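Commentary on secondary and tertiary structure
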Amino acid sequence: MQLVYFAWVREMVGTDAETLAPPADVTTVAALLDWLAGRSDGHAAALADRSRIRVAVDQQFAGPDTTLAGATEIAIFPPVTGG
Amino acid sequence: MIAARLQAEPFDLAAEQAALLAGRTDLGAAVCFTGLVRADEGLVALTLEHYPAMTLAQMQAIADQAAARWPSVVGTAIHRHGRLTPGEAIVLVVTASPHRDHAFAAAMFLMDWLKTGAPFWKREEWADGTTRWVEAKATDDGAAARWNQA
């Protein structure tokens with residue numbers, strides 16, 4: 001699946017996108033964040049405070065329990081600040 | 001119909017309102033809101049990052065919700081991205097309806113949700129060379145959430 005990162009999440013992870021294949025037991029957004037946090041110090045730092053992390057699955061805002069079944073693009077970013 | 005647009009270029013408020021009202025004689029009220037880059041002390045620029053694959057669709061979904069809620073309202077919502085300097089306009093909402101209450105309400109709804117429900121992130125650039133990502137405000141979330149209670 002394609003992971004895309006925005007704003008300070010992108011800066012802390014150190015890349016704007018990466019293609020990864022999580023293990024089969026990673027089936028929800030929350031499990032994906034746990035698994036990603038183990039990939040590097042940057043990932044761990046970016047994802048340390050889950051209250052400051054928002055996720056979109058295939059361009060739809062998602063919650064921790066959202067399933068990843070069939071998903072192709074997961075976006076991870078801070079709370080939005082437009083307007 | 002409320003149309004959402006995303007662009008780097010400046011917009012022309014008068015032209016947008018004129019286009020919205022062209023040929024209509026049933027509209028009794030038109031509301032315009034412009035969001036600007038405020039020159040907080042030492043602020044040099046704001047850069048708006050966004051999620052290209054999602055932003056416009058999410059903006060249009062917000063516009064469609066407003067249109068469903070106030071069917072008599074027509075409107076245009078434009079959000080800019082990229083680097084903007086103090087005094088520049090970031091966002092424009094123009095609405096019109098037969099009576100003012102719906103035009104005002106729809107404009108407020110659109111702004112509350114554009115701030116909290118579309119994937120934009122503001123990075124501040126300061127005179128001393130530092131940059132800082134703007135933190136989301138709980139008051140903005142509250143302003144958007146109150147529309148769900150009505």
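Residues numbered from 1 in each chain as written. Chains lettered and ligands numbered in written order. Predicted model: local features only at pLDDT ≥ 70, side-chain atom pairs only at ≥ 80, totals over all residues. Heavy atoms only, no water.

**Quick look at the overall build of chain A**
When helices and strands are tallied, chain A shows 3 helices and 5 strands. Going from N to C terminus, chain A has its helices and strands arranged as β-α-β-α-α-β-β-β. Over its C-alpha atoms, taken along the principal directions, chain A stretches across nearly 35 × 30 × 20 Å. A burial count over chain A gives 45% of its 83 residues as buried. Pairs at least 24 residues apart make up 49% of the contacts formed inside chain A by residues separated by at least 6 positions. (Helix = DSSP H or I, 4+ residues; strand = E, 2+ residues; numbered from the N terminus. Buried < 20%, exposed > 50% of the residue type's maximum accessible area, 1.4 Å probe, protein only. Contact = heavy atoms within 4.5 Å.)

**Remarks on unusual backbone geometry**
Only a minority of non-glycine residues have a phi that is not negative, and only a minority of peptide bonds are not trans. Residue and element names in this part refer to chain A. Of note, the phi angle at A7 is positive, near 55°, even though the residue is not glycine. For D58, which is not a glycine, the phi torsion comes out positive at approximately 50°. Looking at where D58 falls in the secondary structure, it is placed in the loop between β3 (54–57) and β4 (60–62).

**A few points about the environment of D101 of chain B**
All names here are of chain B. If you trace the backbone, D101 turns up in helix α3 (residues 100–117). A residue is classified by how much of its surface remains accessible, and D101, at 48% relative accessible area, is partly exposed. Residues D101 and A29, 72 residues apart in the sequence, show an inter-C-alpha distance of 8.5 Å.

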